[in-house]
Amino acid sequence: MYAVRPVGPLAAVDRGLDRYLGSAIYLEAHYQNPVRYRPAEDGTAVDRMAELTVAGILQLLIPLLIVLLTFGAFAGEREAGTLRQLLSLGVPRRTFLVGKALGIAGVLAVVVVPAAVIGALALTATTDAPGLTQAGMRSALMAGGYGLYCVACVGLGLAVSAIAPSSRVALLVLTGWWAVTGFVVPVIASDLAERLHPTPTASDFWHAVKQDLDQGVDGHNTRTARYEAFKQQVVAQYGVSRVEDLPVNFTGLAYLESERYGDMVFDRHYSRLAERYAQQQRVHDVLAMVAPIIAIRSWSTAMAGSDLAHHGTFAQAAERFRRRLNRLMNEELAYKGARPGLYMADTSLWQRVPRFEYQTPDAWWAAGERRRSLLLLGGWALAAVMLAGAGVRSLTP
Amino acid sequence: MIGTSPSALRLARRIAAHEWRLFHRSGLAWIATGLLVCTMAYGVHGGLSMAARHRHSLEQVVQERRARLGSLAAASDGSASSGVRKAEAMDPWTVAYGGHVAALPSTRLASLSIGQSDLLPQMIGVSITNKQRVPEDRYGFENPVHLAVRRFDMSFAVIVLLPLVVITIAYDLLARDREDGTLLLVLSQPVSAGTLLLGKLTPRAVLLAGIPIAIVLATLVGRAPDVLLSGRELLLLCVWVMLVVGYMMFWLGAAALLNLRGSSSAAIVLQLVFLWVTVTLLVPVAIHVGASAATQAPSRLDAVNASRDQPFEYFQDGPWLAERWYARDPQLRPAIVDGRVPPPSFAASFFLVQEEMDQRASPIDAQIEAAVARKQRIVDGWRWISLAILLREALNDLAGTSLRRHLRYRAQVEAYRQRWREFFGPRLLRGAAMTRADYGAIPTFTMIDEPFDALLRRMLTSACALWALAGALAGGCALRLRD
């Protein structure tokens, strides 16, 4: 049986990790499987070089536009000789800075607002009423994050323009910052995270799982020993001397016990894996202090519902379902299949099989999960505005 | 024009030496070059780590499989006590279901480009179960965040970082002198603009070409000296040098041409950054969008659905599914007992149902594989308009981490899967016991790579294209100088 991962309505804006997460989990007895069928596996190397969605444009190209709009804001005025005139008019420096920022915001609004309106209309047209409230909240939170990101970029651009000795230097510094933080630092973050906290290889992971299942989690409790101990326990519990005398099907009980032990082993290994991903995310968060694009990417992906946290809730729901189903089947065999011979269940069993239903967590949960990214974006915006203020205060004609 | 007389060359050498001295004093140039050295060294190390990780995985799984088969083979004739019951070892189901792993071996130059190897499975399980539920295929723990961003390797350093460093140290080849007013002063001396440009370009070109070559050679000498003793790998390394130097020369040529056009240094930075964004992002986006639109394919889940559209009941469906095998090989048909053909065993029925499920999914699987191959062909056809794609594809090819190689591998695994079925199907249908000789005859998988000359030809074509573009820019510079 497969549990298929749903794709949220905001995936049109930010596909996030969708192509790399896998589409479905194969649910079977004995094994907790990872999600399979990553769409990216059926893509070319170019697909990975060039996945430009709306979010990609906002994260990469809007900052480039901001760089082009800001690099000459003060340095250009100085070179043209107009800075001296403006300052001599007694314009307060803070007003000067706010005016420049508003002018740039106006240009950005011309680009972003029509696209946002079209996106909102498309979302309204394609999402049902109950989903629309959540999608609306997620969109608003996402937009808030992008707002902070733009403030950070504009602030930094104006600060560099005010501090740099010439517009050429300002341009070089800002384009260098844009290219390095936009393209290089995220890759370094990913690589560094992997080196500091390596993800186990599939072969190591399954080798360790097999070891725990065969030898016991303490290494001294083999599968055979566990089976024998369980048999003695059941026989004693029912007050009989042989399993053949049990009023229940021992095979079904043994399956139940085996699944219980297997669940414990899988919980152990998957929780370690989740902890490893969390450690890696912390490395990304640290590097987001250097490159705000890492923070906005995490935030945007979380709001679109296509990040690891959402993926985790889906995988957990699928696993709960798998365990419930296994239990249902094994209990049926244990308590109804006591007669010798092949046991065939009737339709009533299948009517009791629940449907797999997965509810995507709400927007506030998603925001809470990635609050660190929002804090980082806020920190970046504040620091950039303060730097711009300091730069304008020390502005010399 | 660039003078070619001995005196002009001598002058160019003196200018180059002067540039070198200026370079030493430039903080920005030092930072950019230092970053390039560090990132390239880090990139090669990343590639080596990834290659080692793959090797470790493959060796671990292959050794486990080999040990398991060895134990079963030993137990099958009771010649050795291997902890496996003889009945289990003689049952073909044990091996057929437990399956095998078809491994894609890393090439010896895999460290030069991680390519698609972090995303695409380097091992595919082969069993009598249908493809969707092969026990050995439970892969997929790589952090999706890292898959989306990609890993930092030498090819990333070359494709993305090298042009940025070229821009940093070559945007003001002549523009700064022009803005400072010193260019006119210099040109009023008996030195041509061409000689001046040559003198300025040479130390930069030597430095930028020397860094990646030195880092790769030093790494190979230190970590994999055997690579340098292999003629095939040495040849590939030469092509790698051609590719990297050609790519660097293109960016240097672009910077030189823009400088000769007389733009300001700020405008040159903008133009070069725009070119970089176009080459590394915008054109790949356009090709990606076009190729995706032209190759719509069903999803893998459609194949899963196709194989499970109609549920099977092993004991009912086993007999009619077995008829195909009986038709092909009448000797497999069991003798009539009590006036009827005995139904296949559960193990045989399971095998037959799984085979049927795969057959139902196979048209969709084939459509997907064909679409992926078509997409790759489109990328191959259009790679000429983006140097980044051209170089990425060539470097992945060279390192054996390309989708092209993986498609070849997947096709061979598919053929191997069929051989696996052909081997175990009759044994399961007959209920024949596995003997030691049978264990020795179990099909094995060996990846057969593309012929070397075809690979080499493709990479040389890419390298020549890069050099041709760099040459075209040099021609543009010459024309500009003549004017």
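Residues numbered from 1 in each chain as written. Chains lettered and ligands numbered in written order. Predicted model: local features only at pLDDT ≥ 70, side-chain atom pairs only at ≥ 80, totals over all residues. Heavy atoms only, no water.

What follows concerns the overall build of chain A. Along the backbone of chain A there are 16 helices and three strands. In terms of C-alpha radius of gyration, chain A reaches 29 Å, well past the compact-globule figure of 21 Å for 397 residues. Scored against the burial criterion, the 397 residues of chain A give a buried share of 49%. Nonlocal contacts in chain A, meaning residues at least 24 apart in sequence, comprise 78% of its contacts between residues at least 6 apart. (Helix = DSSP H or I, 4+ residues; strand = E, 2+ residues; numbered from the N terminus. Rg over C-alpha atoms; globule rule 2.2 N^0.38 Å. Buried < 20%, exposed > 50% of the residue type's maximum accessible area, 1.4 Å probe, protein only. Contact = heavy atoms within 4.5 Å.)

Helix and strand content of chain B: 18 helices and two strands. With respect to the principal axes defined by its C-alpha atoms, chain B has extents near 110 × 50 × 35 Å. Looking at chain B residue by residue over its 483 residues, the buried ones come to 55%. Within chain B, residue pairs in contact and separated by at least 24 positions form 82% of the contacts whose partners lie at least 6 positions apart.

This paragraph deals with the side chain of Gln 412 of chain B. Residue placement: Gln 412 of chain B occurs in helix α16 (residues 403-430). Look at Gln 412 of chain B and you get buried, because its relative accessible area is 18%.

Bringing the sheet that holds strand β2 (residues 24-26) of chain A into the picture now. All names here are of chain A. Across the sheet, which stays open at both edges, the three strands sit in the order β1-β2-β3 with antiparallel pairing between neighbours. Two strands lie at the open edges of the sheet, namely β1 (2-4) and β3 (35-36), each paired on one side alone. Where β2 meets β3, two bridges bridge the pair, whose relative direction is antiparallel. Along β3, the bridge assignment pairs Ala 24 with Arg 36. (Pairing = 2+ DSSP bridges.)

A common way to report how large an interface is uses the accessible area buried once the components associate. Each partner contributes residues to the interface: chain B has 72 residues there, and chain A has 65 residues. Overall, the association of chain B and chain A removes approximately 6600 Å² of surface from exposure, summing both partners, and the carbon and sulfur fraction of that is 63%. There are six salt bridges connecting chain B and chain A. With its nearest N and O atoms 2.9 Å apart, the salt bridge here joins Asp 118 of chain B to Arg 48 of chain A. (Buried area = accessible area lost by both parts, 1.4 Å probe. Salt bridge = Lys/Arg side-chain N within 4 Å of Asp/Glu carboxyl O.)

Let's shift gears to the pattern of salt bridges. Counted by the stated rule, this structure contains 49 salt bridges over all chains. One salt bridge in this structure joins Glu 142 of chain B and Arg 38 of chain A, with 3.1 Å as the shortest N-O distance. With Glu 142 of chain B in the loop between β2 (123-126) and α5 (144-149) and Arg 38 of chain A in the loop between β3 and α2 (45-49), this residue pair bridges two chains. The exposure class of Glu 142 of chain B is partly exposed, given its relative accessible area of 28%. For Arg 38 of chain A, a relative accessible area of 4% puts it in the buried group. The structure contains a network of salt bridges with shared partners spanning Asp 42 of chain A together with Arg 300, Asp 365, Glu 369 and Arg 410 of chain B.

What follows concerns the environment of Pro 105 of chain B. Residue and element names in this part refer to chain B. Counting through the fold element by element, Pro 105 comes out in the loop between β1 (100-103) and β2. Residue Pro 105 is classed as partly exposed on the basis of its relative accessible area of 38%. Once residues lying within four places of it in the same chain are set aside, the contact partners of Pro 105 are Leu 58, Arg 405 and Met 447.

Let us now look at the state of the cysteines. Residue and element names in this part refer to chain A. This model, assessed by the stated rule, comprises zero disulfides over all chains. Cys 150 provides the cysteine sulfur closest to Cys 153, a residue in no disulfide bond, and the two sulfurs are 6.3 Å apart. Residue Cys 153 is classed as buried on the basis of its relative accessible area of 4%. (Disulfide = S-S within 2.5 Å.)

Before going further, it helps to examine the pairing of β2 of chain B. All names here are of chain B. Of the two faces of β2, the one carrying Met 123 and Gly 125 and the one carrying Ile 124 and Val 126 are both buried. By the bridge criterion, four bridges tie β1 to β2 in an arrangement that is antiparallel. In the sheet register, His 100 faces β2, and the bridge partner there is Val 126.

Its place among the elements puts Trp 350 of chain A in helix α14 (residues 347-351). Contact partners of Trp 350 of chain A, with chain neighbours within four places excluded, come to Met 329 and Ala 345 of chain A.

Here we come to the packing of helix α6 (residues 154-170) of chain B against helix α9 (residues 193-223) of chain B. Residues and elements named next belong to chain B. Across the interface, α6 lies against α9 with an axial gap of 11 Å and an inter-helix angle of 160 degrees. The orientation of α6 relative to α9 falls into the category roughly antiparallel. Along this stretch, α6 crosses α9, giving a crossing that reads as right-handed. In this structure, α6 uses Met 154, Leu 162, Val 165, Val 166, Ile 169 and Ala 170 to contact α9, whose residues at the interface are Arg 204, Leu 208, Pro 212 and Val 216. Looking at the contact of α6 with α9 residue by residue, the classes come out as nine nonpolar, no polar and one charged. (Axes fitted to C-alpha atoms, helices over the stretch in contact; angles between N-to-C directions. Parallel < 35°, antiparallel > 145°, perpendicular 65-115°, else oblique. Left-handed = near helix turned anticlockwise from the far one by under 90°. Nonpolar A, V, L, I, M, F, W, Y, C, P; charged D, E, K, R; others polar.)

Residues and elements named next belong to chain A. Together, Val 113, Val 117 and Leu 121 give the surface a local cluster of nonpolar side chains, amounting to about 270 Å² of exposed area. Following the sequence through the fold, Val 117 ends up in helix α6 (residues 93-126). On the basis of relative accessible area, Val 117 is assigned to the partly exposed category, the value being 44%. (Patch = residues over 30% accessible without salt bridge, like charges linked within 9 Å, V, L, I, M, F, W, Y side chains within 5 Å. Areas by Shrake-Rupley, 256 points an atom, 1.4 Å probe, with all protein chains shown as cover.)

In this section: helix α10 (residues 223-238) of chain A. Residues and elements named next belong to chain A. End to end, α10 covers 23 Å across 16 residues, agreeing with the expected 22 Å (1.5 Å per residue, within 8%). Considered for burial, the residues of α10 that qualify are Arg 226, Phe 230, Val 234 and Val 235. Down the axis, α10 shows its buried residues gathered within 165 degrees of arc, on one side only. Away from its buried face, by an angle of more than 90 degrees, α10 presents the exposed residues Thr 224, Gln 232 and Ala 236. Those residues of α10 that are buried lie in contact with α9 (202-215) and α11 (250-287). Looking at the residues trailing α10, positive phi occurs at Gly 239, about 70 degrees. (Expected span 1.5 Å × (residues − 1). Arc of directions from axis to C-beta.)

Take unusual backbone geometry next. With phi around 75 degrees, His 30 of chain A is a residue other than glycine that occupies positive phi space. Checked against the element boundaries, His 30 of chain A lands in the loop between β2 and β3. By relative accessible area, His 30 of chain A is classed as partly exposed at 46%. The phi angle at Asp 338 of chain B is positive, at roughly 55 degrees, despite the residue not being glycine. When you line up the elements, Asp 338 of chain B lands in the loop between α13 (314-328) and α14 (346-382). On the accessibility criterion, Asp 338 of chain B (76% relative accessible area) is exposed.

When the pLDDT values of chain B are averaged, the result is 87; 97% of them are 70 or greater. Reported confidence for the predicted complex is 0.87 by ipTM and 0.89 by pTM. (pLDDT = per-residue confidence, 0-100.)

Turning to the packing of helix α3 (residues 54-70) of chain A against helix α12 (residues 292-304) of chain A, a few remarks are in order. Residue and element names in this part refer to chain A. Relative to each other, α3 and α12 sit at 160 degrees, their axes nearing to 10 Å. The orientation of α3 with respect to α12, classified from their angle, is roughly antiparallel. Crossing hand, α3 versus α12: right-handed. Within the contact between the two elements, α3 uses Ala 55, Gln 59 and Leu 60 and α12 uses Ile 293, Ile 296, Arg 297 and Ser 300. For the contact of α3 with α12, a count of residues per class yields four nonpolar, two polar and one charged.

For the rest of this paragraph, the subject is the environment of Leu 61 of chain A. Residues and elements named next belong to chain A. For Leu 61, the position within the fold is in helix α3. Judged by relative accessible area, which is 23%, Leu 61 ranks as partly exposed. Here the alpha-carbon distance between Leu 61 and Thr 133, two residues 72 residues apart in the chain, equals 29 Å.

Moving on, we get to the packing of aromatic side chains. Counted under the stated rule, the structure contains 35 aromatic pairs over all chains. When the centroid spacing of 6.1 Å and the interplanar angle of 70 degrees are considered together, the rings of Phe 314 of chain A and Phe 356 of chain A count as edge-to-face. Remark: Phe 356 of chain A occurs in the loop between α14 and α15 (363-369) and Phe 314 of chain A occurs in helix α13 (residues 308-336); sequence separation between them is 42 residues. The class for Phe 356 of chain A is partly exposed, based on a relative accessible area of 25%. A connected cluster of aromatic rings, assembled from ring pairs, spans Tyr 31, Phe 205, Trp 206, Phe 266 and Tyr 270 of chain A together with Phe 141 of chain B. For the cation-ring pair, Arg 195 of chain A lies above Tyr 42 of chain B, with the distance from its terminal atom to the ring centre recorded as 4.2 Å. A cation sits over an aromatic face here: Arg 226 of chain A above Tyr 261 of chain A, 3.8 Å from the ring centre. (Phe/Tyr/Trp six-rings, centres within 6.5 Å; stacked < 30°, edge-to-face > 60°. Lys NZ or Arg CZ within 6 Å of the ring centre and 35° of its normal.)

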